[in-house]
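# Topology and contacts: notes
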Amino acid sequence: MTLRLYDTATRSVRDFVPRESGKVSVYLCGLTLQAPPHIGHLRSGVNYDILRRWLTAEGYQVTFVRNLTDIDDKILVKAEEQGRPFWSIAYANEQILSESYRQLNVLPPTYEPRATGHIPEMHELIAKLIADGHAYPALDGSGDVYFDIRSWPAYGSLSNQSPEDMQSAGDAPERGKRDPRDFALWKGAKPGEPSDAYWPSPWGRGRPGWHIECSAMCWRYLGAEFDIHGGGLDLTFPHHENELAQSTAAGLPFARYWVHHGLLSIGGAKMGKSLGNTLDLAYVDSLGVRPVELRYYYAAAHYRSRIDYSEEALREAATAYRRIEGFVQRAVERVGAGRLGELPAAFVAAMDDDLNTSAALAVLHEVVRDGNTALTGGEDVTVRTALAATRAMLDILGLDPLDPAWNAGGQADDLRDVVDSLVALALEQRAQARSRKDWAAADAVRDQLKQAGVVVEDTPQGPRWTIGEQKI
């Protein structure tokens, strides 16, 4: 079966055929760095990381570009409010974002360009658009440059709407535009803006518009045409529509597939800083939910579906992952870690069907159930096969509990070693009490551990202990 992806441009699920055999080029719109990321932002990183891992598993050489928007009106507003240089705010939030992705086991991109590093490419694209009659300097002498949407008949095709139904672009005063819906390619420096937030240009000093940034970076790192352009569903219009228009008007074939992921909402509203309803990794940690469990929460939903956040659903996802993790740990104790096995055909079919991770996880849970049955029955050959298949599937999803990425916790790992030693000492005392038939003392140890959140389970292989649902 061939990988099939939903393409926003054609509004259909299409067979994926790369531009160049054996190679795939992907551009993902990254974050605007006006503030630290919330868990809605981080969903994007995980969704496209799974896509990348699956493409790699299918034998493709993947070039994955994820940009950073480090100059933008929103960042300048924050700079004004905080009395800090705009680049200081952007860099600080970039560091937080990188650490958040590391905690979620999101692989580093092949390239992660910053918008401010690609001003020359933007100037070149803008100059070509002006020369070809698709852009013009502002009519009010402000130094702005606008894309003329009326010059490009295909404008609106990506978002499937007519220009007549569109509102004003809203990114600059209308007085400088031929048409209110024209959007800014370059923004001339204005009084009152930070004095360091500009670059020289043929149209006067200023800074780039948001949309031209991505077109320039796509062109620089992936060439005139590339395979997949990704981003959140909310970017379809105006951002991706404008990228497509200005790039194709400049003579670039641009993206062959447009892949958009659903948003993460809370209380039915999009999670966003302007609404004050954002949750970050620190909040998730305060609930006792680990980053690996948050990643499972993202993967459990199809990438195109909306996730309406609830603490209950997040905890259910954590519990589901801990059941998988518990099987892996028990199986490893029994037969050793071994190597990754073959992917079940049903799992492969689910992933090839527009990355249907929810169906893929159903296959994984079925294999885990069979593995647990084999553990109970002492069927080591079946246990080994189930473990190898389970880990292979988890590896594709970035969720293998034996992946070193999940075991690089520094101080947390040191604390785990201390807890291991203390619980082992308590279990030894319990074993001694049981050996002398002092059942009251043995039960007291067990009750004290339970009160501390440690649940003891007696098995044929000896006692096992649990913190919450996570078996150790």
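Everything discussed here concerns the structure shown above.
Structural notes, computed from the coordinates. Because the structure is a prediction, the values reported are computed rather than measured.

What counts, and at which threshold
- Residues numbered from 1 in each chain as written.
- Predicted model: local features only at pLDDT ≥ 70, side-chain atom pairs only at ≥ 80, totals over all residues.
- Heavy atoms only, no water.
- Helix = DSSP H or I, 4+ residues; strand = E, 2+ residues; numbered from the N terminus.
- Buried < 20%, exposed > 50% of the residue type's maximum accessible area, 1.4 Å probe, protein only.
- Contact = heavy atoms within 4.5 Å.
- Areas by Shrake-Rupley, 256 points an atom, 1.4 Å probe, with all protein chains shown as cover.
- Lys, Arg positive; Asp, Glu negative; His and termini not counted.
- Charge placed at Lys NZ, Arg CZ, Asp CG, Glu CD.
- Salt bridge = Lys/Arg side-chain N within 4 Å of Asp/Glu carboxyl O.
- Pairing = 2+ DSSP bridges.
- Axes fitted to C-alpha atoms, helices over the stretch in contact; angles between N-to-C directions.
- Parallel < 35°, antiparallel > 145°, perpendicular 65-115°, else oblique.
- Left-handed = near helix turned anticlockwise from the far one by under 90°.
- Nonpolar A, V, L, I, M, F, W, Y, C, P; charged D, E, K, R; others polar.

## Quick look at the overall build of the protein
Helix and strand content of the protein: 14 helices and 16 strands. Overall, the C-alpha framework of the protein stretches about 95 × 50 × 35 Å when taken along its three principal axes. A burial count over the protein gives 51% of its 472 residues as buried. Taking all contacts inside the protein whose residues are at least 6 apart in sequence as the whole, residues at least 24 apart take part in 74%. Of the roughly 20900 Å² that the protein leaves accessible, carbon and sulfur atoms contribute 51%. Averaging the coordinates of the 50 positive side-chain charges in the protein and doing the same for the 64 negative ones gives two points 2 Å apart.

## So, the pattern of salt bridges
For the structure on display, the rule yields 30 salt bridges. Between Asp171 and Lys177 there is a salt bridge, with the nearest N and O atoms lying 3.0 Å from each other. In this structure, the salt-bridge partner of Glu293 is Arg322, at a minimum N-O distance of 2.6 Å. On the criterion of sequence distance, the pair formed by Glu293 in helix H8 (residues 291–299) and Arg322 in helix H9 (residues 311–335) is long-range, its members being 29 residues apart. Residue classification places Arg322 among the buried positions, given a relative accessible area of 15%. One continuous salt-bridge network, built from bridges that share partners, spans Asp73, Lys187, Glu193 and Arg207.

## Focus on the sheet that holds strand E11 (residues 264–266)
As summarised here, the arrangement of the 3 strands in space is E12-E11-E13, forming an open sheet in which the pairing is mixed. Both edges of this open sheet fall to strand E12 (269–270) and strand E13 (307–309), since each of them pairs with a single strand only. Across 2 bridges, the pairing between E11 and E12 is antiparallel. Note on E12: the bridge partner recorded for Ile266 is Ala269. The strands that H8 touches are E11 and E13; relative to E13, the one it contacts most, it runs at about 140°.

## Here's the deal with the sheet that holds strand E8 (residues 206–208)
Pairing in this open sheet of 4 strands is antiparallel, and the strands run E5-E6-E7-E8 from one edge to the other. One side of each edge strand has no neighbouring strand; the edge strands of this open sheet are strand E5 (135–137) and E8. For this sheet, the mean angle separating the axes of adjacent strands, direction not counted, is 20°. Where E5 and strand E6 (residues 145–147) come together, 3 bridges link them in antiparallel fashion. Each residue of the ladder has a partner; that of Pro137, found in E6, is Val145. Here helix H4 (residues 119–131) sits on the sheet in contact with E5, E6, strand E7 (183–188) and E8, set at roughly 120° to E7.

## A look at unusual backbone geometry
A cis amide bond links Phe237 with the next residue in sequence, Pro238, at an omega value of 5°. Its location among the elements puts Pro238 in helix H6 (residues 236–249). The phi dihedral of Arg11 is positive, around 55°, even though this residue is not glycine. Residue Arg11 is classed as partly exposed on the basis of its relative accessible area, which comes to 38%.

## Focus: the packing of helix H11 (residues 357–377) against helix H12 (residues 380–397)
At their nearest, the axes of H11 and H12 sit 9 Å apart, and the two run at 155° to each other. The pairing of H11 with H12 is recorded here as roughly antiparallel in orientation. Taken as a pair, H11 and H12 cross one another with a handedness that is left-handed. Counted together, Thr357, Leu361, Val363, Leu364, Val367, Val368, Gly371, Ala374 and Leu375 of H11 and Thr382, Val383, Ala386, Ala389, Thr390, Met393, Leu394 and Leu397 of H12 form the full contact between these two elements. For the contact of H11 with H12, the residue count by class is 13 nonpolar, 4 polar and no charged.

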